[in-house]
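Observations on the model geometry
Each chain, written out:
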Amino acid sequence: MDRRSFVKKSALAVTAATILPRKVFGKMGGDNSYIAPSDQITHGVIGVGGIGRSPNHFFSNDRCRLVALCDADAKHLSSADEAAKKRFDVNAAIYRDWRELVHDPNVDIVHIATPPHWHGIMSLEAIAAGKDIFCEKPMTRTIGESRRVMEAIQHRGNIFRLNTWFRFTDTFYGLGTEVKPLKKLVQSGLLGWPLTVRISGATGFTWKFYWTGKENLSPEPVPAELDYDMWLGPAPMKPYNPHRVHQTFRGYWDYDGGGLADMGQHYIDPVQYILGKDDDFPVKVEVDAPQQHPDAVGIWRSITYTYADGCRIILEGEGYESSGKVPYIEGPEGCVYKGFECTIPNVWDIINELPDPQPQNTDFLDCVHTRRKFALDEIKGHHSCTVVNMGVVALRLGRTLHFDPLAQRFVGDEAANLLLDQPARGEWAKYLL
């Protein structure tokens, strides 16, 4: 039974039993307001060794109660279970197989905080189970997976949130301002068109740049607490080495894509929003990088995306950490630098007079209740994730690629198209059919 059916049946039950006190059906909130069971959302977290233990994921309160935990590492799971009991007085259901959490009828929202090679498959299973989803970035590890997730949600109507928030809150990296003034300035046309956006070391982009892999890892015994086969899941079976798992998994193509994949959507998603390209893709991606290892992610110098209208996004890597004063946004009529320094005189006075962008739904729990799409939903998430993964594919192949936005395939490059979806191991292959 999905959440909406449950709410309806709960409401009928309460109506039929009005002779009983309200406290039978609910509890008092922190402000002494009544909270019905159908109003208190529940959530379960898959992956509690790192980001899954952050306040954004690991919480239990009057609005959303923690009811389930899952991890392939028994030590992570035990630690999270103890923390839930101590901090929230919660006895959460404990799972080693994430599918059991997804199909737990007590779970409304599935928080996916695993390595990216699991994001697509877990999202698809949660969608089929009628759950709403709070997913870590990147949305998925491949272009094909994020497209499948988007299309499945459009068919089923689940509420999806991608956990990167800079398009609607907080100071955007290194710019000294939230995104909204940048959006207003670009919309005004004062900078001209087309625009070039440079994401460089000056904006902090390279702080995870050297999250690379190691070549020729020596096999080691699998720790007793780790279900390594489940941790790998759809990824190829390769001998265990501690550098492959937990915090350092980002350095291997099988599970992630280094700092580019780990941080790329944090930076690129707000730029897509600023440029008004939430429903668009670049048509070309160019890379300047050494030849990449087939297993271990390496460094790169720059990745340049070009859109059909001439707008560009340039990611700057090695050698750009101290590249001096370069514009973050550059147009024919003006530039914006770090700290929101702008070549247009009195720019803040002008921006304050401009109309605000269209409001966004930024309360995820409210979206779950009302069934309204979240500000960064599966559609926007698929588009910005695809931009990141276009760069990953070009980097792995070491060449310029052209992309067809309508077909969402690379043009005239079958090797690149083979990386739109990568073979999944064993029972997990069914999700890519």
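Scroll up to find the structure.
Quick look at the structure, then. (Residues numbered from 1 in each chain as written. Predicted model: local features only at pLDDT ≥ 70, side-chain atom pairs only at ≥ 80, totals over all residues. Heavy atoms only, no water.)

The subject of this paragraph is the overall build of the protein chain. Along the protein chain, the regular secondary structure elements total twelve helices and 17 strands. Counting only residues that meet the buried cut, the protein chain has 55% of its 433 residues in that class. Roughly 18,600 Å² of accessible area belongs to the protein chain as shown, and the carbon and sulfur atoms make up 52% of that amount. (Helix = DSSP H or I, 4+ residues; strand = E, 2+ residues; numbered from the N terminus. Buried < 20%, exposed > 50% of the residue type's maximum accessible area, 1.4 Å probe, protein only. Areas by Shrake-Rupley, 256 points an atom, 1.4 Å probe, with all protein chains shown as cover.)

One number sums up the size of the largest pocket: a volume of about 660 Å³. Around the largest pocket, the lining is made up of 39 residues, and of these Ile 51, Ala 113, Thr 114, Pro 115 and Phe 249 lie nearest the centre. The leading source of residues in the lining of the largest pocket is helix H8 (residues 258-274), at three residues. For the lining of the largest pocket, the residue count by class is 19 nonpolar, twelve polar and eight charged. (1 Å grid on protein atoms, 1.4 Å probe; cavity = no way out; pocket = protein on both sides within 12 Å on 5 of 7 lines; lining within 4 Å. Points joined across faces, edges and corners; volume = space filled by probe spheres on them. Nonpolar A, V, L, I, M, F, W, Y, C, P; charged D, E, K, R; others polar.)

On to empty space enclosed by the protein. Scanning the entire structure with this criterion turns up four cavities of 30 Å³ or more. Looking at the largest cavity, its volume works out to about 100 Å³. Lining the largest cavity are 16 residues, and of these Arg 141, Thr 142, Asn 389, Val 392 and Gln 422 sit closest to its centre. Counting residues per element, the lining of the largest cavity draws most heavily on helix H11 (residues 378-397), which supplies four residues. The residue inventory of the lining of the largest cavity, partitioned by class, reads eight nonpolar, five polar and three charged.

So, about the sheet that holds strand E7 (residues 132-136). Judged by pairing direction, the sheet is parallel, and its six strands sit side by side in the order E5-E4-E3-E6-E7-E8 without closing on themselves. Strands with a single pairing partner mark the edges of an open sheet, and in this sheet they are strand E5 (93-95) and strand E8 (160-163). Strand-to-strand, the axes of this sheet are offset by a mean angle of 20°, without reference to chain direction. Sheet topology places E7 next to E8; four bridges connect them, and they run parallel. Bridged to Glu 136 within E8 is Asn 163. Relative to strand E4 (residues 64-70), helix H2 (residues 74-88) is tilted by about 160°, and along the sheet it contacts E4 and E5. (Pairing = 2+ DSSP bridges. Axes fitted to C-alpha atoms, helices over the stretch in contact; angles between N-to-C directions. Contact = heavy atoms within 4.5 Å.)

A word on the environment of Ile 313. Mapped onto the elements, Ile 313 comes out in strand E12 (residues 312-316). Sequence-distant contacts of Ile 313, defined by excluding residues within four places in its chain, comprise Val 197, Ile 199, Val 271, Ile 303, Thr 304, Tyr 305 and Tyr 307.

On to the packing of aromatic side chains, then. In this structure the tally under the stated criterion is 21 aromatic pairs. Taking 5.2 Å as the distance between ring centres and 70° as the angle between the ring planes, the aromatic pair formed by Phe 403 and Phe 410 counts as edge-to-face. When its relative accessible area of 3% is taken as the criterion, Phe 403 is described as buried. Seen from their ring centres, Trp 428 and Tyr 431 are 6.4 Å apart, and the 25° between their planes marks the pair as stacked. Exposure remark for Trp 428: the relative accessible area of 5% places this residue in the buried category. Judged by relative accessible area, Tyr 431 falls into the buried class, the value being 10%. An aromatic cluster is defined as three or more aromatic residues linked by ring pairs; in this entry it consists of Trp 165, Phe 166, Phe 172, Tyr 267 and Tyr 328. Note that Lys 183 overlies the ring of Tyr 273, its terminal NZ or CZ placed 4.6 Å from the centroid. Here the basic side chain of Arg 244 rests over the ring of Tyr 252, its NZ or CZ set 5.0 Å away from the ring centre. (Phe/Tyr/Trp six-rings, centres within 6.5 Å; stacked < 30°, edge-to-face > 60°. Lys NZ or Arg CZ within 6 Å of the ring centre and 35° of its normal.)

Next up on the list: the packing of helix H6 (residues 179-188) against H8. Close contact between H6 and H8 brings their axes to 9 Å; oriented N to C, the two are set at 35°. Contacts from Val 179, Leu 182, Lys 183 and Val 186 in H6 reach Pro 270, Tyr 273 and Ile 274 in H8. Considered class by class, the residues forming the contact of H6 with H8 number six nonpolar, no polar and one charged.

Before going further, it helps to spend a moment on the pairing of E12. Across the five residues of E12, four count as buried, placing the element largely inside the fold. Here strand E9 (residues 196-199) runs beside E12; their pairing, made up of four bridges, is parallel. Paired with Ile 199 across the strands is Leu 315, a residue of E12. Two strands pair when backbone bridges link them, and strand E11 (residues 302-306) and E12 are joined in this way by five bridges, in the antiparallel orientation. For Ile 303, the partnering residue across the bridge sits in E12 and is Leu 315. Adjacent in sequence and paired antiparallel, E11 and E12 are bridged by five residues, among which Gly 310 carries a positive phi angle near 95°.

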